[in-house]
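Breakdown of the fold
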Amino acid sequence: MNIGILAVDSNFPNLALMKISAYHKARGDQVEWYNPLCKYDKVYAAKVFTFTPDYNYYINANQIEKGGTGYDIEKVLPIEVDRLQPDYSIYNIDSNLSYGFLTRGCPNRCKWCVVPKKEGKISPYMDIEEITAGRKKAILMDNNILASNYGLQQIEKIIKLGIKVDFNQGLDARLITDEIARLLAKVKWIKRIRFGCDTPGQIAEVERASALIDKYGYKGEYFLYCILMDFEESFARVNYWKSKSRRFLPHCQPFRDLNNPHQIIPQWQKDMAHWADRKEIYMSCDFKDFSPRKGFYVRNTLKYCEMKLNKKTERLIKRRAAEFKKLYETPNPEVDKIISELRAEATKRPQNMSKEEEIAYILKKADENCDHIEIRKILNVSNT
Ligand code: SF4
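Below is a short write-up of the structure.

Comments concerning the overall build of the protein
Looking only at helices and strands, the protein features 14 helices and 13 strands. For the protein, with 384 residues in total, the buried portion stands at 28%. Of the contacts formed within the protein by residues at least 6 apart in sequence, a portion of 71% connects residues at least 24 apart.

Some words on the nonpolar core
In this structure, Phe195 and Met272 are the most contacted members of the largest nonpolar core, which totals 47 residues. When contributions to this core are tallied by element, the ones reaching two or more residues are α4 (128–132), β8 (137–140), α5 (149–161), β9 (164–167), β11 (192–196), α7 (200–215), β12 (221–228) and α9 (267–276). Per-element accounting of this core gives the leading share, 5 residues, to α9. When neighbours within four sequence positions are excluded, Phe195 is seen to be in contact with Gly170, Leu171, Ala173, Val206, Ala209, Tyr222 and Leu224. Formed by 18 residues, the second largest nonpolar core is a distinct cluster that contains Ala7, Leu17, Tyr44 and Ala45.

Points about the sheet that holds strand β13 (residues 248–254)
Here 3 strands make up an open sheet; going across it, the order is β11-β12-β13 and the pairing parallel. In the strand order of this sheet, the two ends are held by β11 and β13, each with one partner. The average angle at which neighbouring strand axes cross in this sheet is 25°, direction not considered. Note: β12 against β13, 7 bridges, orientation parallel. From the neighbouring strand, Ile227 faces β13, where its bridge partner is Gln253.

Looking at the site of the ligand
Taken together, the neighbourhood of the ligand is formed by Cys106, Asn108, Arg109, Cys110, Cys113, Val115, Pro116, Asn143, Asn144, Asp172 and Gly196. A class-by-class count of the residues in the shell around the ligand yields 5 nonpolar, 4 polar and 2 charged.

Notes on the sheet that holds strand β5 (residues 97–100)
Strand order in the open sheet formed by 4 strands is β5-β8-β9-β10, with parallel pairing between adjacent strands. In this open sheet, the two strands that pair with only one neighbour each are β5 and β10 (188–189). Relative to β10, β9 runs parallel, the two sharing 2 bridges. Within β10, the position partnered with Val165 by the bridge is Trp189.

Thoughts on unusual backbone geometry
The phi angle at Asn92 is positive, at roughly 50°, despite the residue not being glycine. By the secondary structure assignment, Asn92 is in the loop between α2 (79–82) and β5. In this structure, Ala133 is a non-glycine residue whose phi angle is positive, near 45°. One can find Ala133 in the loop between α4 and β8. With 10 C-beta atoms packed within 10 Å, Ala133 lands in the exposed category.

A short note on the packing of helix α8 (residues 231–240) against α9
Two numbers describe how α8 lies on α9: the axes approach to 12 Å, and their chain directions differ by 5°. As far as their axial angle goes, α9 and α8 are roughly parallel. Residues Phe231, Ser234, Phe235 and Val238 of α8 touch α9, and the partners they reach there are Trp268, Met272 and Ala276. Of the residues that constitute the contact of α8 with α9, the class distribution is 6 nonpolar, 1 polar and no charged.

So, the packing of helix α6 (residues 178–186) against α7
At a minimum axis separation of 8 Å, α6 and α7 run at an interaxial angle of 60°. Classed by the angle they form, the pair α6 and α7 counts as oblique. The hand of the α6/α7 crossing is right-handed. The segment α6 lies against α7, with Asp178, Ala181, Leu184 and Ala185 engaging Ala209, Leu212, Ile213 and Lys215. For the contact of α6 with α7, the class distribution of residues is 6 nonpolar, no polar and 2 charged.

Some words on the pairing of strand β1 (residues 2–7)
Burial analysis of β1 places 5 of its 6 residues in the buried class, the great majority of the element. Of the strand pairs in this sheet, β1 and strand β2 (residues 30–33) are connected by 4 bridges, and their pairing is parallel. Residue Ile3 lies in a different strand from β2, and its bridge partner there is Val31. With respect to chirality, the unit in which β1 leads through helix α1 (residues 15–26) into the neighbouring parallel β2 is right-handed. The pairing of β1 with strand β3 (residues 40–46) spans 5 bridges and is parallel. The residue of β3 that forms the bridge with Ile3 is Lys42.

Looking at α5
Here α5 contains 13 residues, and its C-alpha end-to-end distance of 18 Å stays within 8% of the 18 Å for a straight helix at 1.5 Å per residue. Every buried residue of α5 is accounted for by Gln154, Ile155 and Ile158. Looking straight down α5, one finds its buried side chains confined to an arc of 105°; they lie on one side. Residues of α5 that are exposed and point more than 90 degrees away from the buried face comprise Asn149 and Lys160. Against the buried residues of α5 lie α4, β9 and α6.

Focus on the environment of His251
By the secondary structure assignment, His251 is in strand β13. Setting aside residues no more than four positions away along its own chain, His251 makes contact with Phe223, Leu224, Tyr225, Cys226 and Asp277.

What counts as what
Residues numbered from 1 in each chain as written. Predicted model: local features only at pLDDT ≥ 70, side-chain atom pairs only at ≥ 80, totals over all residues. Helix = DSSP H or I, 4+ residues; strand = E, 2+ residues; numbered from the N terminus. Buried ≥ 20, exposed ≤ 12 C-beta atoms within 10 Å, placed from the backbone. Contact = placed C-beta atoms within 7 Å. Core = buried A, V, L, I, M, F, W, Y, C linked by C-beta atoms within 7 Å. Pairing = 2+ DSSP bridges. Axes fitted to C-alpha atoms, helices over the stretch in contact; angles between N-to-C directions. Near = placed C-beta within 6 Å. Nonpolar A, V, L, I, M, F, W, Y, C, P; charged D, E, K, R; others polar. Parallel < 35°, antiparallel > 145°, perpendicular 65-115°, else oblique. Left-handed = near helix turned anticlockwise from the far one by under 90°. Right-handed = clockwise from strand over helix to strand, strands pointing away. Expected span 1.5 Å × (residues − 1). Arc of directions from axis to C-beta.

On their own, these measurements won't tell you what the molecule is for.
What follows is the structure in structure tokens.
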């Protein structure tokens, strides 16, 4: 058979596609990345995220099988495929590196996370030796390894075998006891220890946990996943680590509403991620002095960050737009004077603003100067 594999929305090595490739190659089938100019007996399409666009072109194949959280959170690989060693060659992965999960699931239920719904409570899944199969390094994608006794036993085994690892989904700092800290300090980390730092309360937990691990001799970096929701709280949490030490690296993740595929990520979240995710920028520049686009500085319209385009705000914008339209259309010399002043003011606006920034800027100006209220007063007087 002629098999095509298609990663719809992610370049990160896809374990399911690697296992599907291994399964078909073991049967003597030909496997390659999907090429729209070729025809296939079967194409496997994998989509990781629910919020990314689908592959919207014709797929030239007799059979198409779609899988991954982005298509169906309940679909899993057949057991005979799932237990195979992945075909690392499709991603040209280093021959010493392996990928896998020791556990699946999570006992928590964070509102932004699909894992509890998809995988249920935490349970043992594979053994580290089954994953590595003689390789010396492993990227482990467990969602909450420390919440499982089996997971802790596996970490002990990892230490005994001297395997270098990266728990790339982050560890839960709240679960770190003195004993676990001692264990983690003995692990050979591929690059760094990662923690989730999604709430203000987790700052103190990360500090407590990192101090414990450091006590047992760890000297490496801490990479902190920080979800972005409310501007002020998120900024305080992300900015906190700046004055702490260069060993703490926040990594911003804009909040994704899993039930809303049309969600628009606020511009401030994109800008904050742009700023914080580049260590050299984060360390050398305050957010307000950051210039995400040519000629535009965050400080110019920092106020916009407080604005949320929720339904109430959208209604407010529409109502004010209608008011302004009416005012523009009403002949009145005093109104004309104010409008020409507003126009002059508009030319002083910072350049290269995004749509949200521009709306926020106009609203802020309107609120500060109350021109629309002034105009309405004049109209009311002249109408009576
Ligand atoms: S702890 Fe992590 S894996 Fe578990 S529900 Fe929360 S975000 Fe998801």
